[in-house]
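Coordinate analysis (summary)
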Amino acid sequence: MDLTQYLAGTLKSLRQARGWSLSRLAEETGVSKAMLGQIERNESSPTVATLWKIATGLNVPFSTFIAAPDTMAPQAYDPDQQAMVITPLFPWDAQLHFDLFSITLAPGALSESTPHECGVIEHVVVISGVLEMYLDGQWQTISANSGLRFAADKPHAYRNSTAQTVHFHSLIHYPKEKSRG
């Protein structure tokens, strides 16, 4: 099964397990009913930002949609044709409540993130290049071998204003009540 089929099936299963209609899922996630239906039918791949909204609305880790437990090797999720590529390094850890991702951001790319649920903390460590992060109303620059920890339950964004790809790791630490789905 490819990643987009897995994502589509996972979304549909999570929605049905809750007994939710597409309308209810749209209310909970802030994603349109039409878009959710297209994702479930594997007719459209959500952006990273949209997938975060869905994960937040369902109260599941982001990696739930891109890393099947023990059935396939982690794959890169690339809905924006290489603008932002996310590869799970350590998908959802139920004991420690985190996801760890390797992320590349193409030159000139911008990825805006809506707030995650209350209590989510993100740790970003730049491996190579220069990453700009929008937090608390201002842009901050993070160079290679540096990091930043922040509350991810507020709007934030990632930007690469340089001509070189930025590579960074993102550790997402979830509140204790988070479950795999």
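That block above? That's the structure.
A short tour of the structure in this document, coming up.

Before going further, it helps to spend a moment on empty space enclosed by the protein. The final tally for this structure, using the stated rule, is two cavities of 30 Å³ or more. Space inside the largest cavity adds up to approximately 110 Å³. Residue assignment for the lining of the largest cavity shows that the elements contributing at least two residues are helix H4 (48-58), strand E1 (84-93), strand E2 (98-105), strand E3 (110-113), strand E8 (156-159) and strand E9 (166-173).

Moving on, we come to the sheet that holds strand E4 (residues 121-128). Ordered in space as E1-E2-E9-E4-E7, the five strands form an open sheet in which the pairing is antiparallel. At either margin of the open sheet sits one strand with a lone partner, and together these are E1 and strand E7 (147-151). Across the sheet, the mean angle separating the axes of adjacent strands is 20 degrees when strand polarity is ignored. Two elements, E4 and E7, share five bridges in a ladder whose sense is antiparallel. Bridge assignment links Val125 to a residue of E7, and that residue is Gly147.

Here the focus is helix H1 (residues 3-18). The end-to-end C-alpha separation of H1 is 23 Å, in line with the 22 Å expected for 16 residues at 1.5 Å each. Of the residues making up H1, those classed as buried are Leu3, Tyr6, Leu7, Ala8, Thr10, Leu11, Leu14 and Arg15. Residues of H1 that are buried make contact with helix H2 (22-29), helix H3 (33-40) and H4. Two residues or fewer past H1, Gly19 is found with a positive phi of approximately 75 degrees.

With that settled, the discussion passes to the pattern of salt bridges. Summed over the entire model, instances satisfying the criterion amount to five salt bridges. Glu28 is paired through a salt bridge with Arg24; the nearest N and O atoms lie 3.0 Å apart. With Glu28 and Arg24 both in helix H2 and four residues apart, this pair spans about one turn of that helix.

This next bit is on the packing of aromatic side chains. Scanning the entire structure with this criterion turns up five aromatic pairs. Measuring from centroid to centroid gives 4.7 Å for Trp52 and Phe62, while their planes differ by 25 degrees, and the two rings are stacked. Remark: Phe62 occurs in the loop between H4 and E1 and Trp52 occurs in helix H4; sequence separation between them is ten residues. Note on accessibility: Trp52 and Phe62 belong to one class, buried. Plain terms: the ring middles of Tyr158 and Phe168 are 5.7 Å apart, the flat faces sit at 20 degrees to each other, and that makes the pair stacked. Placement of the pair is Tyr158 in strand E8 and Phe168 in strand E9, with a sequence separation of ten residues. Here Tyr158 matches Phe168 in class, with each residue buried. Among the aromatic residues, those joined into a ring-pair cluster are Trp52, Phe62 and Phe101. Against the face of Trp20 rests Arg18, its NZ or CZ located 5.7 Å from the ring centre.

Quick notes on the rules
- Residues numbered from 1 in each chain as written.
- Predicted model: local features only at pLDDT ≥ 70, side-chain atom pairs only at ≥ 80, totals over all residues.
- Heavy atoms only, no water.
- 1 Å grid on protein atoms, 1.4 Å probe; cavity = no way out; pocket = protein on both sides within 12 Å on 5 of 7 lines; lining within 4 Å.
- Points joined across faces, edges and corners; volume = space filled by probe spheres on them.
- Helix = DSSP H or I, 4+ residues; strand = E, 2+ residues; numbered from the N terminus.
- Pairing = 2+ DSSP bridges.
- Axes fitted to C-alpha atoms, helices over the stretch in contact; angles between N-to-C directions.
- Expected span 1.5 Å × (residues − 1).
- Buried < 20%, exposed > 50% of the residue type's maximum accessible area, 1.4 Å probe, protein only.
- Contact = heavy atoms within 4.5 Å.
- Salt bridge = Lys/Arg side-chain N within 4 Å of Asp/Glu carboxyl O.
- Phe/Tyr/Trp six-rings, centres within 6.5 Å; stacked < 30°, edge-to-face > 60°.
- Lys NZ or Arg CZ within 6 Å of the ring centre and 35° of its normal.

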